[in-house]
Amino acid sequence: MKKIKILLLAAALLGGTQAFAQQDWTASVGYASTAFRGTDCSQYLSTHTLNGFYAGIRHEFYFSALAGLTLEPGFLFYYQAGHNDSGLSPKYLKMHYLSVPVDIKYTFGLTGSATASVFTGPVANIGIIGNLFEKGAFVTTKDLTDPMHQLTRVNVQWNFGVAFTIAEAVQLRVGYALGMSRLVPEQELHNNTFTVGAGLLF
């Protein structure tokens, strides 16, 4: 009896490992829009939305015991910019960064070869270049003693959204990431990002 239990446990572990080894890569690109919100956000920054694109890859891991449930980390690059309508230099607000989302995704079948998914999870963003990361470039907070704070290069968001996959080849994706961390220390200033895009599975 003991040997049977050991064999069953080994089989379960082996099956779980094999299923976890199944994986899909997705190369995606899309539109991205970032808005700034918070009680300490300056009127200037709250009225300037940054638009641009994202591009990158995602890697999906499958769990044998939980049908339809997957872990999907990703590595993305965001190009974000907006026009500075104040008439002063520089002409554009810029914020370009790397993003690492780690989503839990649940997928279910629709009709034919189409599937739908819902996903949610944390996102870590790391700023690379952009004048919003430079002190004194723009009025970012309501702090009248020092309103020219640069934004921190590292921030955290919480992502959620939906995806539709056709023929296990093309994926359409819509997401919204809520800012969780402060963009300026001790100031309630956050970034929310809307994305919509398409990807190819391989």
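Structure report, in brief. Please read all numbers here as calculations on a predicted model, not as lab measurements. (Residues numbered from 1 in each chain as written. Predicted model: local features only at pLDDT ≥ 70, side-chain atom pairs only at ≥ 80, totals over all residues. Heavy atoms only, no water.)

**A look at the nonpolar core**
In terms of nonpolar packing, the biggest core is built from 19 residues, with Phe36, Leu45, Leu93, Met95, Leu132, Leu151 and Leu189 touching the most fellow members. Among the secondary structure elements, those contributing two or more residues to this core are strand E1 (23-37), helix H2 (43-46), strand E2 (50-62), strand E3 (69-83) and strand E4 (92-109). The leading source of residues in this core is E4, at three residues. Beyond its immediate stretch of four places on either side in the chain, Leu93 contacts Tyr44, Leu45, His48, Leu50, Gln80, Ala81, Gly82, His83, Asn84, Asn131, Leu132 and Phe138. (Core = buried A, V, L, I, M, F, W, Y, C linked by side-chain atoms within 4.5 Å. Buried < 20%, exposed > 50% of the residue type's maximum accessible area, 1.4 Å probe, protein only. Helix = DSSP H or I, 4+ residues; strand = E, 2+ residues; numbered from the N terminus. Contact = heavy atoms within 4.5 Å.)

**Focus: the packing of aromatic side chains**
Enumeration over the complete set of coordinates arrives at eight aromatic pairs. Through pairs of rings, three or more aromatic residues link up here, namely Phe53, Phe77 and Tyr79. The ring of Phe119 is capped by Arg173, whose NZ or CZ atom sits 4.1 Å from the centre of that ring. (Phe/Tyr/Trp six-rings, centres within 6.5 Å; stacked < 30°, edge-to-face > 60°. Lys NZ or Arg CZ within 6 Å of the ring centre and 35° of its normal.)

**Looking at the pairing of E4**
Of the pairings in the sheet, the one linking E3 to E4 comprises 13 bridges and is antiparallel in character. Bridge assignment links Gln80 to a residue of E4, and that residue is Met95. Judged from the 12 bridges that link them, E4 and strand E5 (residues 114-129) form a sheet pairing that is antiparallel. Counted as the bridge partner of Pro101 is Val123 from E5. Between E4 and E5, which pair antiparallel one after the other, the connecting turn spans four residues, and Gly112 there sits at a positive phi close to 60°. (Pairing = 2+ DSSP bridges.)

**Considering unusual backbone geometry**
One non-glycine residue with positive phi stands out, namely Ala167, at about 55°. Turning to its location among the elements, Ala167 is positioned in the loop between strand E6 (154-166) and strand E7 (170-179). A positive phi angle, close to 55°, is found at Glu168, a residue other than glycine. Residue position: Glu168 is located in the loop between E6 and E7.

**A closer look at the side chain of Asn191**
Position of Asn191 among the secondary structure elements: in strand E8 (residues 190-201). You can call Asn191 buried: its relative accessible area is 1%. Leave out the neighbours within four places in its chain, and Asn191 touches Thr34, Ala35, Phe36, Asn125, Asn155, Gln157, Ala177, Leu178, Gly179 and Leu183.

On their own, these measurements won't tell you what the molecule is for.
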